[in-house]
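Secondary and tertiary structure notes
What follows is the residue order along each chain.
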Amino acid sequence: MRTGGYNTKVKKLILEFLESKKNTSVSVQNIADYLNNCGEETNITTIYRQLEKLEEEKKLIRHSAEDGKKALFQYIADDGECLKHLHVQCTACSKIIHLDCCDSKEFIAHLLEKHGITLDCSKTVLYGLCEDCKNKRSGA
């Protein structure tokens, strides 16, 4: 049976993977594949446990995939501002675009002022096609 050091190593590897993919969202299966490629066999429950700890530490945010069928995780490190603005995920390449512009902030304020809605930006992701993928599809 493995000891407590196991979780530390798994957490370190998960953080390493998330940092390398910080501009995209990843699934638990992506993380499990990475761990297996590193020679670290672990179960999905352990991965979820580590992800929950990282979420509590505000190092990542969790949101649903476009189809709503699985959880995705985005590394944010210690960027508290990342929890205060909207994000768009490209439906083709999974890249995350941070909408930390004035228009986004005005929209969030509008929702509160006109509709009484306090938006939880850590769980709100918009979906669309990023400029690079749009250009690839149009042949530009």
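Reading the values: the criteria
- Each residue is numbered by its place in its chain's sequence as written, counting from 1.
- Totals for whole chains, interfaces and linings use all residues, but because this is a predicted model, local features are given only for residues with pLDDT of at least 70 and pairs of side-chain atoms are given and counted only at 80 or more.
- Based on all heavy atoms of the structure, the side-chain values leave hydrogens and waters out of the count.
- Remark: nonpolar core denotes a set of buried residues (Ala, Val, Leu, Ile, Met, Phe, Trp, Tyr, Cys) joined through side-chain atoms within 4.5 Å.
- Only protein chains enter the area calculation, which uses a 1.4 Å probe; residues under 20% of their type maximum are buried, those over 50% are exposed, and those in between are partly exposed.
- Secondary structure is summarised from DSSP: a helix means a run of H or I of at least four residues, a strand means a run of E of at least two, and numbering begins at the N terminus for each.
- By definition, residues are in contact when any of their heavy atoms lie within 4.5 Å.
- The rule for pairing is simple: two strands pair if DSSP sees at least two bridges between them.
- Only the contacting stretch of a helix is used when fitting its axis, a line to C-alpha atoms as for every element, and angles between N-to-C directions run 0 to 180 degrees.
- If an angle is under 35 degrees, it is roughly parallel; if it is over 145, roughly antiparallel; if it lies from 65 to 115, roughly perpendicular; otherwise it is oblique.
- Note on convention: near helix rotated counterclockwise from far helix by under a right angle means a left-handed crossing. Clockwise means right-handed.
- Throughout, the ten residues Ala, Val, Leu, Ile, Met, Phe, Trp, Tyr, Cys and Pro are labelled nonpolar, Asp, Glu, Lys and Arg are labelled charged, and all others, Gly among them, are labelled polar.

Below, the discussion takes up the nonpolar core. Of all hydrophobic cores here, the largest spans 19 residues; its most connected members are I14, L18, I31, L35, I47 and L51. Secondary structure elements with two or more residues in this core: α1 (4-20), α2 (28-37), α3 (44-56) and β3 (71-75). Setting aside anything within four residues of it in sequence, one finds I47 in contact with I14, V28, I31, A32, L35 and T42.

Another aspect to go through is the sheet that holds strand β4 (residues 86-90). Spatially, three strands are ordered β5-β4-β6 in an open sheet, and the strand pairing comes out mixed. The two strands at the open ends of the sheet, each matched to only one other strand, are β5 (96-99) and β6 (125-128). Sheet twist, expressed as the mean angle between neighbouring strand axes with direction ignored, is 30°. By the bridge criterion, four bridges tie β4 to β5 in an arrangement that is antiparallel.

A few words now on the sheet that holds strand β1 (residues 26-27). In a beta sheet, neighbouring strands pair by backbone hydrogen bonds and run either parallel or antiparallel. Read across the open sheet, the three strands follow the order β1-β3-β2; overall the sheet is antiparallel. At either end of the open sheet lies a strand with only one pairing partner, and these are β1 and β2 (60-64). Note that β2 and β3 share five bridges and pair antiparallel. Pairing of L60 across the sheet is with Y75, part of β3. Sheet strands touched by α3: β2 and β3. Its angle to β2, the strand with the most contacts, is close to 115°.

This part covers the packing of α2 against α3. Two elements in contact, α2 and α3, have axes separated by 10 Å at closest approach and are oriented at 110°. Considering their axes alone, α2 and α3 lie roughly perpendicular with respect to each other. Handedness of the α2/α3 crossing: right-handed. Touching V28, I31, A32 and L35 of α2 are I44, I47, Y48 and L51, all from α3. Of the residues belonging to the contact of α2 with α3, the class tally is eight nonpolar, no polar and no charged.

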